[in-house]
Amino acid sequence: MRRAVFPGSFDPITNGHYDIILRSLPLFDEIIVAIGINADKKYMFPLETRKKFIEDAFKDEPKIRVATYTGLTTDFCIENDAEFILRGLRNPADFEFEKAIAHTNRLLTKIETVFLLTAASTSFISSSIVRDVIRNKGDYTQLVPESVRTK
């Protein structure tokens with residue numbers, strides 16, 4: 001089975017994340033959308049809300065599972081028998097950052113990272129931008145899946 005982990009904080013999931021997950025479905029038998037828990041980070045949405053956003057967004061897709069984890073993503077991959085880490089790239093800065101992590105992960109664990117470029121229509125969207133729009137009572141509905149719009 002070709003299983004990939006798509007890790008992130010998903011605070012909240014955006015249309016960019018959603019697009020990457022949908023476009024990766026033909027590549028893998030299962031995709032685990034893995035919400036990393038960082039005790040030092042302050043989140044806008046509670047963990048269970050973020051998890052529900054993702055579960056609701058993909059409720060009709062049997063190849064997607066949502067899970068939470070702490071610690072190293074590679075440890076989570078090993079525990080879940082995942083051979084791949086899936087990452088989306090928006091810009092050259094993302095690539096440079098993700099490349100270093102991917103090389104380290106492959107050196108230490110042999111887990112491969114698969115990169116997908118974000119669609120041009122979603123390449124500007126980030127969770128931090130969405131949070132800022134929400135915080136300032138702006139219209140964020142075009143930036144997130146319907147499961148987040150109905151929050």
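One can find the structure itself at the top, above this paragraph.
Here's a quick rundown of the structure. Keep in mind that what you see is a predicted model, and the values were worked out from it rather than measured. (Residues numbered from 1 in each chain as written. Predicted model: local features only at pLDDT ≥ 70, side-chain atom pairs only at ≥ 80, totals over all residues. Heavy atoms only, no water.)

Quick look at unusual backbone geometry
1) Next: The residue after D11, namely P12, is reached through a cis peptide bond having omega 0°.
2) Next: With respect to the secondary-structure elements, P12 resides in the loop between β1 (3-8) and α1 (15-24).
3) Next: Of note in the backbone geometry, K110 takes a positive phi value of approximately 70° without being a glycine.
4) Next: Looking at the element boundaries, K110 is found in the loop between α4 (92-109) and β5 (112-117).
5) Next: Positive phi outside glycine occurs at K137, with the angle close to 60°.
6) Next: Of the residues examined, K137 reaches a relative accessible area of 75% and is grouped as exposed. (Helix = DSSP H or I, 4+ residues; strand = E, 2+ residues; numbered from the N terminus. Buried < 20%, exposed > 50% of the residue type's maximum accessible area, 1.4 Å probe, protein only.)

Topic: the nonpolar core
1) Next: In terms of nonpolar packing, the biggest core is built from 28 residues, with I13, V33 and I54 touching the most fellow members.
2) Next: Looking at this core, the elements that each hand over two or more residues are β1, α1, β2 (30-36), α2 (47-57), β3 (64-69), β4 (84-89) and α5 (127-135).
3) Next: Those residues in contact with I54 that sit more than four places away from it in its chain are F10, I13, V33, I35 and V66.
4) Next: Of all hydrophobic cores here, the second largest spans 10 residues; its members include A34, C77, A82 and I85. (Core = buried A, V, L, I, M, F, W, Y, C linked by side-chain atoms within 4.5 Å. Contact = heavy atoms within 4.5 Å.)

Some details on the sheet that holds β2
1) Next: One open sheet accounts for five strands, arranged β3-β2-β1-β4-β5; its pairing is parallel. Single-partner strands in this sheet number two, and they are β3 and β5. On average, adjacent strands in this sheet sit at an angle of 30° to one another, irrespective of strand direction.
2) Next: In the sheet, β4 pairs with β5 via six bridges, with the strands oriented parallel. The residue of β5 that forms the bridge with I85 is T113.
3) Next: Packing of α4 onto the sheet brings it into contact with β4 and β5, and relative to β4 it is tilted by some 170°. (Pairing = 2+ DSSP bridges. Axes fitted to C-alpha atoms, helices over the stretch in contact; angles between N-to-C directions.)

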